[in-house]
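Chain and residue survey
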Amino acid sequence: MIPYGRQEITEADLAAVQAVLQSDWLTQGPAVPAFEAAVARRVGAAHAVAVNSATSALHLACLALDLGPGDRLWTSPITFVASANCARYCGAEVDFVDIDPHTRNLCPQALAEKLRIAEGQGRLPKIVVAVHFGGLACDMPALKALAGRYGFRLIEDASHAIGASVAGVPVGAGQASDITVFSFHPVKIITTGEGGMALTNQPELARRMACLRSHGITREAVEMEAAFRSEGDGPWYYQQIELGFNYRMTDLQAALGLSQLDRLDDYIARREQLAAAYDQALATLPLVLPARLPGYQSAWHLYLVALSDAAGCDRLNLFNALREAGIGVNVHYIPVHLQPYYRRLGFAPGQYPQAENYYSRALTLPLYPTLGSDDQMQVVSALNAELAT
Ligand SMILES: *Cc1c(COP(=O)(O)O)cnc(C)c1O
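This structure is a prediction, so every number in the text was calculated from the model and none was measured. (Residues numbered from 1 in each chain as written. Predicted model: local features only at pLDDT ≥ 70, side-chain atom pairs only at ≥ 80, totals over all residues. Heavy atoms only, no water.)

1. Considering the site of the ligand
Residues in close proximity to the ligand total 15 residues, the closest being T55, D157, H160, S183 and K188. Between the ligand and Y333, the relevant distance is 3.1 Å, taken from an oxygen atom to a side-chain nitrogen or oxygen of the residue. Taken together, the elements giving at least two residues each to the shell around the ligand come down to α3 (54–64) and α4 (82–89). Of the residues belonging to the shell around the ligand, the class tally is five nonpolar, eight polar and two charged. (Near = heavy atom within 4 Å. Polar contact = N/O pair within 3.5 Å; in protein donor to acceptor, adjacent residues only side chain to side chain. Helix = DSSP H or I, 4+ residues; strand = E, 2+ residues; numbered from the N terminus. Nonpolar A, V, L, I, M, F, W, Y, C, P; charged D, E, K, R; others polar.)

Structure, rendered in structure tokens:
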């Protein structure tokens, strides 16, 4: 079976992890700050906080932006559930904004309209999570303009998009958002096994996320509450100043991430090459191919197609036929508002028609840096066999 995505582990990766295993620190050593500094430098962000998953990074980002009970977070329905769940961890409400059918990202016009109505009702969101679906960045300048007008904060869920850029500016530079989150799960662009990172240009947000990552404990005198200190406190002294978590990344993971980061540019170039080959080979089939926008370099985490009306078969039949042909196609994503957990919170089918329409036609084709051209042509042949008329 040709999978839809998979990691690549090289000799250099193995050596990097082995070096940590034979060192003095398996966790809380030098590899995590080195990985944080390298990612921050690569994307042009001032601060980076490495954690054990992007899910944890989203949670910390919401906490650092003071999301709590009575607050609202809005995001796209076409995403992994974690983009919405982060609000629920904080006791806040979730709502969704329909997608733009062309980019398949949260639609800025739909957001503007929803904000206008919410303002009248006194129900504006505190945070909007912009998801760069498949690796293609959202229209961040448009979202930033709305954030300025309506006073919400912006998190970029860039779990799919490390290595992507807009007008040459890397996703993660944070020019239009408060915090950007990357995932290092094995199906994503680079991996640490499990892992994630939150990037920001605001030192106070970075400090807060770093503290919450490790139980809410600080050893920095400037952060401590002086009233609780006493005369005999020595070098061992620390304070827990709020309720945090153990969301730390290990040095083993960070060493793997650092080694993988060396290949980020090669990975994006290879993914771009494979995406261009799909674009060309599939152009005449009844499929809507991924959008290409001037100035936008996608990270091509996913190659997402949608069956067009002209297709003579439905998505389920096509999916099954391709799986039988050994092609590990997938579907991204079941709209989050249709999940039983969110249905119980009151969401219902029909609320986000563009998202639901996209989902009903969506198919994710195999795409990863080690996908060979022969294997890719096997995917194309199987699609031709099912769809060519
Ligand atoms: C994978 C993913 C996450 C969660 O990442 P983890 O590192 O597995 O926690 C969050 N958001 C999106 C859009 C994702 O694809």
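There's more to say after this.
2. Remarks on the pairing of strand β8 (residues 179–183)
Burial of β8 is extensive: five of the five residues sit out of reach of the surface. Of the pairings in the sheet, the one linking strand β5 (residues 153–157) to β8 comprises three bridges and is parallel in character. Opposite E156, over in β8, you have T180 as the bridge partner. Note: β8 against strand β9 (residues 196–200), four bridges, orientation antiparallel. When the bridges of β9 are listed, S183 appears paired with G196. (Buried < 20%, exposed > 50% of the residue type's maximum accessible area, 1.4 Å probe, protein only. Pairing = 2+ DSSP bridges.)

3. Concerning the pattern of salt bridges
Inspection of every chain in the model, using the stated rule, returns 17 salt bridges. For the salt bridge of R213 with E36, the shortest nitrogen-to-oxygen distance reads 2.8 Å. Residue R213 is found in helix α7 (residues 203–213), and its partner E36 is found in helix α2 (residues 31–43); the two are separated by 177 residues along the sequence. Here D178 and R153 are joined by a salt bridge, their closest N and O atoms 3.2 Å apart. Of this pair, D178 sits in the loop between β7 (169–170) and β8 while R153 sits in strand β5; the two residues are 25 residues apart in sequence, bridging distant segments of the chain. Taking the relative accessible area as the measure of exposure, R153 reaches 30% and is therefore partly exposed. Sharing partners across several salt bridges, the network here consists of E8, D13 and R263. (Salt bridge = Lys/Arg side-chain N within 4 Å of Asp/Glu carboxyl O.)

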